[in-house]
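Topology and contacts: notes
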Amino acid sequence: HYHAPRLLAEALHMVADLGDDAMLVAGGTDVYPKMKRGQFSPRHLISTRSIAELRGIDPDPEDGLGIGAGETLRSIAADRAIRDLVPALAQAAGSVAMAQIRNVATLGGNLLVDTRCNQYDQSFFWRQAAGFCMKKDGERCLVAPASKKCLAGFSSGTAPVLQSLGADVVLESAGGGTHVEIRVAKPKPKDRAFLEHVGAEFQKHITSEVATLRTMIEGQSGPPVAVEEPTLPVSGERFLTQPIPAP
């Protein structure tokens, strides 16, 4: 069953009423392929594409900016306010997948994207022949059979940037609220950030492209200093702080 509510309150009540039988879908770039492969099997799909309350980019000179969870990655990458205030976020959104995906994929969906693994992201028949895995229908990890936990990696392209910027995610339930958005605080005047993608051609031991976020702080100098890994389980990503000399 496909549901297309036009109001956020309506969608939230649907989620509350249908429970585990329902799944939210925005752009569908992750949900639909996994439904075809038998990884997701909801009885009800609740589309958020027609909910205007989930869209909008609201820059505030004092408090930073608010971004609706339903904004597409394309609109975030192209928005002038985001490019001026938090260019790393615009660059991250513009680096996700390909243009066709970014045209429909949303920021909220990218933050909630399912974890990925080459042993999991296969057809049902492939996974059945391999004996399934603990992430779906099985009891063991096919990558590391001795592991007691799933090792599928979190692959959001925007989450590391938002986390480094100290962004807040506003979540709403059927009990109240009229909007869902991501709030990004206004950066300090001397803070700059950019996103650097490191490909396998530069790091032979890395089998897939990873993202490294470097925060550039003016007025200091010195070599890059590694800081603690983020609490968010971001696989294959590291945050570095690199002071640079003042001009």
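Just so we're clear, the structure is a prediction, and the values are computed from it rather than from any experiment.

For the rest of this paragraph, the subject is the sheet that holds strand S6 (residues 168–170). The strand order S4-S5-S7-S6 describes an open sheet built from four strands, whose pairing is antiparallel. At either end of the open sheet lies a strand with only one pairing partner, and these are strand S4 (57–60) and S6. With strand direction ignored, the average angle separating the axes of adjacent strands in the sheet is 15°. Pairing geometry for S4 and strand S5 (residues 64–68), over four bridges, is antiparallel.

Turning our attention to unusual backbone geometry. Excluding glycine, a negative phi dihedral is what most residues carry, and trans is how most peptide bonds are arranged. A positive phi angle, near 50°, is found at Ala97, a position not held by glycine. The topology assignment puts Ala97 in the loop between helix H5 (87–95) and helix H6 (99–102). Its relative accessible area of 54% is what places Ala97 among the exposed residues. In the Ramachandran plot, Phe132 falls in the positive-phi region, its phi being about 60° despite a non-glycine side chain. With respect to the helices and strands, the residue Phe132 is situated in the loop between helix H8 (124–130) and helix H9 (159–164).

Here the focus is the sheet that holds strand S3 (residues 44–47). Pairing within the open sheet is parallel, and its three strands lie in the order S1-S3-S2. The open sheet terminates on both sides in strands that have one partner only, identified here as strand S1 (2–3) and strand S2 (22–25). In the sheet, S1 pairs with S3 via two bridges, with the strands oriented parallel. In the sheet register, Tyr2 faces S3, and the bridge partner there is Leu45. Strand contacts of helix H1 (residues 8–18): S1, S2 and S3, with the helix running at about 160° to S3, the strand carrying the most contacts.

Criteria and thresholds
Residues numbered from 1 in each chain as written. Predicted model: local features only at pLDDT ≥ 70, side-chain atom pairs only at ≥ 80, totals over all residues. Heavy atoms only, no water. Pairing = 2+ DSSP bridges. Helix = DSSP H or I, 4+ residues; strand = E, 2+ residues; numbered from the N terminus. Axes fitted to C-alpha atoms, helices over the stretch in contact; angles between N-to-C directions. Buried < 20%, exposed > 50% of the residue type's maximum accessible area, 1.4 Å probe, protein only. Contact = heavy atoms within 4.5 Å.

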